[in-house]
Amino acid sequence: MELGVQTTAAHSATAPAIEVIPTGRALGAEIRGLDLRDMDTAAFARVMDAWHEHSVLLFRGQMLSDQDLIAFSRRLGDLDHAPIQENGRRFVEGLPEIYIVSNVKVKGESIGSLGDGEAVWHTDMSYLDMPPKASLLYALEVPPAGGNTSFCTMYGIYEALSPELKRRIAGLKIKHDGTYNSGGYVRQGITPTDDARTSPGTVHPLVCTHPVTGRRMLYLGRRRNAYLDGLELAESEALLNELWSVVARPEFAWEHAWRVGDLVMWDNRCTMHRRDAFDPATRRVMHRTQVKGEARPS
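Every value quoted in this text rests on a predicted model; they were computed, and no experiment measured them. All residue numbers refer to positions counted from 1 along the written sequence of the respective chain. Selection of residues for local features in this predicted model requires a pLDDT of at least 70, selection of side-chain atom pairs for listing and counting requires 80 or more, and totals for whole chains, interfaces and linings are taken over all residues. The basis for the side-chain values is all heavy atoms of the structure; hydrogens and waters are excluded.

Observations regarding the sheet that holds strand β12 (residues 173-177)
Two strands are counted as paired when DSSP detects at least two bridges linking them. Here a helix means four or more residues in a row that DSSP labels H or I, a strand means two or more in a row labelled E, and each is numbered from the N terminus. Taken together, the three strands give an open sheet; going across it, the order is β13-β12-β16, and neighbouring strands pair in antiparallel fashion. Strands at the two margins of the open sheet, each flanked by one partner only, are β13 (201-205) and β16 (227-228). Two elements, β12 and β13, share five bridges in a ladder whose sense is antiparallel. Considered in β13, the bridge of Lys 173 is made with Pro 205.

Now the structure itself:
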């Protein structure tokens, strides 16, 4: 991982210093010197400041039970229950907040979702009226190669748009499709369709203001079945293709190569993420929580 300038802040007279080490990319920072199972109020405030500044935070070498992951996640707010997996079952009995991202099968049945293929750029669950504001992903098993997760800044992507393009998209709303998840699987209980105008989903402002940082950002969600409300389909497709061409530029992204014990938390309001494919003969097991969000401010 490429690292930028290191900063430190001591959160008590005896506790080790917290280090916030930017990735050197458009977003992301590693936090060192913290055990997420034992963090005082001052340290948590420092983490939140870094999160709002860098949008994505990495904590390496954590040793978290599911209960520990839930407890830390709840410090950010109330938690969503995980969506039902493709086979119609909950992931972890008694812990509805835990979502398992995995390709592992036991007796022929998947223990999680999203398999081992590529997961395209997306914002988590943006098809909901109030998408989660934060996602936290914890690595239990990782393949020897592949399965990296990339993040991109929707602040930077919006700021890179030309004044003319910003003028064209001002006030537009976008429908976020609820048919498919980021791995291309049909969501539980949904009848698939590829008509962007009639597919299930929720309409959000295309350009939003972050409720904490006050920065403007593009809110695209994901490409498949997206539709700019009120436009002719061909016009919507052309304009979305123009916007997504900016997303594809590598200067707005940071790629994370996972290790066991990594926890990554990202601001789901101002980032998107994707995953590389990996060898299906290898194992990848990640546990995720999500923090309830709020209506998208325009």
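Some thoughts on the packing of aromatic side chains
Two rings from Phe, Tyr or Trp (for Trp, the six-membered ring) form a pair when their centres are within 6.5 Å of each other. A pair whose planes differ by under 30 degrees is stacked, one over 60 is edge-to-face, and the rest are tilted. The final tally for this structure, using the stated rule, is four aromatic pairs. Ring geometry for Phe 44 against Phe 72: centres 6.4 Å apart, planes inclined by 85°, an arrangement best described as edge-to-face. With Phe 44 in helix α1 (residues 41-54) and Phe 72 in helix α2 (residues 66-74), this residue pair connects regions lying 28 residues apart in the sequence. Exposure classes here rest on a 1.4 Å probe applied to the protein chains alone. A residue is buried below 20% of its type maximum, exposed above 50%, and partly exposed in between. Owing to a relative accessible area of 2%, Phe 72 belongs among the buried residues under this scheme. Within the aromatic cluster, the residues linked to one another by ring pairs are Phe 44, Phe 59 and Phe 72. Working rule: Lys NZ or Arg CZ, within 6 Å of ring centre, within 35 degrees of ring normal, means a charge sits over the ring. We note Arg 288 situated over the ring of Tyr 99; from NZ or CZ to the ring centre the distance is 4.0 Å.

Details of the sheet that holds strand β17 (residues 253-256)
The strand order across the open sheet built from four strands is β9-β19-β11-β17, with neighbouring strands paired in antiparallel fashion. Every interior strand has two partners, whereas the edge strands, β9 (119-122) and β17, have only one. Across the sheet, the mean angle from the axis of one strand to that of its neighbour is 15°, orientation sign disregarded. Bridge count for strand β11 (residues 149-153) against β17 is four bridges, and the pairing is antiparallel. Pairing of Ser 150 across the sheet is with Glu 255, part of β17. Here an axis means a line fitted to C-alpha atoms, over the contact stretch when the element is a helix, while the angle between two N-to-C directions is reported on a 0 to 180 degree scale.

Some details on the nonpolar core
Judged by nonpolar contacts, the single largest core of 49 residues is most densely connected at Leu 57, Phe 59, Phe 72, Leu 76, Leu 263 and Met 265. If you tally residues by element for this core, the top one is α1, at six residues. Contacts are assigned to residue pairs that have any heavy atoms within 4.5 Å of one another. Discounting residues that sit within four places of it in the chain, Met 265 has contacts with Trp 51, Ser 55, Val 56, Leu 57, Phe 59, Phe 72, Leu 76, Ser 135 and Leu 136. If you look at the next biggest cluster of nonpolar residues, it comprises 31 residues, including Tyr 158, Leu 206, Leu 218 and Leu 231. Residues grouped as a nonpolar core are buried Ala, Val, Leu, Ile, Met, Phe, Trp, Tyr and Cys residues, joined through side-chain atoms within 4.5 Å.

Digging into the environment of Tyr 138
Checked against the element boundaries, Tyr 138 lands in strand β10 (residues 134-141). The class for Tyr 138 is buried, based on a relative accessible area of 6%. C-alpha of Tyr 138 to C-alpha of His 122: the two residues are 16 residues apart in sequence and 19 Å apart in space. Ignoring sequence-local partners within four residues, the contact set of Tyr 138 consists of Gln 62, Met 63, Leu 64, Leu 69, Gly 261, Asp 262, Leu 263, Val 285, Met 286 and His 287. A distance of 2.9 Å separates the side chain of Tyr 138 from the backbone oxygen of Gln 62, its partner in a polar contact. Each polar contact in these results corresponds to two N or O atoms within 3.5 Å; when the atoms are within protein, one needs to be able to donate a hydrogen and the other to accept it, and residues that are neighboring in sequence are counted only if both atoms are side-chain atoms.

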